[in-house]
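Structural overview for review
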Amino acid sequence: MLSRKTKHTIKKILSMFSVVRGYNIPIIVLAQYLSAIFILAPEKRALTVLLDFNLFIIVIASCLTIASGYIINNFYDSKKDLINRPNKSKIDRLVSQRTKLQVYFTVNFIVALLALLVSFRAVLYFSVYIFLIWFYSHKLKKYPIIGNLTASLLAILPFFAILLYYKNLYPQIFAHATFLFLLILIREIIKDLENIKGDVANDYQTIPVKYGELFAKKIISLLTVLTIIPVYLLVDKYDVGYMDIYFYVSLIVLLFFLFFLWNSNSKIQYLQLHVILKFIIVSGVFSIVLIDPEVLINGRAFLKI
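Below, the structure is looked at part by part. (Residues numbered from 1 in each chain as written. Predicted model: local features only at pLDDT ≥ 70, side-chain atom pairs only at ≥ 80, totals over all residues. Heavy atoms only, no water.)

Remarks on the overall build of the protein chain
Counting secondary structure elements, the protein chain contains 18 helices and 0 strands. Its C-alpha radius of gyration of 20 Å places the protein chain within 12% of the 19 Å reference for a compact globule of 305 residues. For the C-alpha atoms alone, the extent of the protein chain along its principal axes is close to 55 × 50 × 45 Å. For the protein chain, the proportion of its 305 residues judged to be buried stands at 47%. (Helix = DSSP H or I, 4+ residues; strand = E, 2+ residues; numbered from the N terminus. Rg over C-alpha atoms; globule rule 2.2 N^0.38 Å. Buried < 20%, exposed > 50% of the residue type's maximum accessible area, 1.4 Å probe, protein only.)

Put into structure tokens, the structure is as follows:
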């Protein structure tokens, strides 16, 4: 039998895992490595990319920065989450606000040390990234439009860290980034619709709070239609291999998404729409391998010189 002290420690660890959304970290790592192999540095051997120490440090630093971002975001949103996410909030509150701040500063210090192993530019990049996450959590997320745009930009910045590392400015990279950015931006506004009660209670001037749910749905619809542009470029103008299947399916799913959006008016319905968007984003991560499946299917292609 576990002692009371051990049980308490385990609960705190699980609580911190919930705060940093640890279940997202493996997906972020996978997304960065697959993006590096198939999109950002396709001219390099997959094995070379996997064994690149500097890339490994950048990926770890990115994940730690994102984790620290979740901590500071949770710190500022603690009151709002009591309304919007009461069950998760109960788990998160097992760790004190003071402990969260201590972990936050410790993690950021580790990120700075790791970045220093790569270059001074990496230190500067992650320092700016950390500051932007804090500024967003502390100020910007309370305001409509700018808060959503900033959140979406911060979500794709880790991939630009790898882009800057490889210095490959292929146009298809920006098409991929635009599609992802639009999906995340749509998700952010859906989250605002989902959390409208807590936002009103805590004076968060999000798009649904300030302009109404109808206006928010119109913006979401416009952004959804705009996803056609990067998809057209990726499928028709650039070579994405079999990943075009993913983009076609995504557009079909987004059509159903729009239909359900205009028939949704409750928190649970908006949560379901949120899940649909997360499914599209996460499935997109795994679909990256469709750009060149031979890399995984054929071991010789994986190790080719």
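Now that the structure is up, let's keep going.
Observations concerning the pattern of salt bridges
This model, assessed by the stated rule, comprises 4 salt bridges. For K141, the salt bridge identified is with D77, shortest N-O distance 2.5 Å. Highlighted residues: K141 in the loop between α8 (120-138) and α9 (146-166) and D77 in the loop between α4 (53-76) and α5 (78-84), separated in sequence by 64 residues. For the pair shown, K141 and D77 are each scored as buried. K237 is the salt-bridge partner of D236, the closest N and O atoms lying 3.9 Å from each other. A relative accessible area of 52% places K237 in the exposed class. (Salt bridge = Lys/Arg side-chain N within 4 Å of Asp/Glu carboxyl O.)

Some points on the environment of Q269
By the element assignment, Q269 lies in helix α16 (residues 267-287). Given a relative accessible area of 24%, Q269 falls into the partly exposed group. As a C-alpha pair, Q269 and E194 span 75 residues in sequence and 8.3 Å in three-dimensional space. The residues touching Q269, leaving out its near neighbours within four places in the chain, are N263 and S264. (Contact = heavy atoms within 4.5 Å.)

By themselves, these are just geometric observations and shouldn't be taken as functional.
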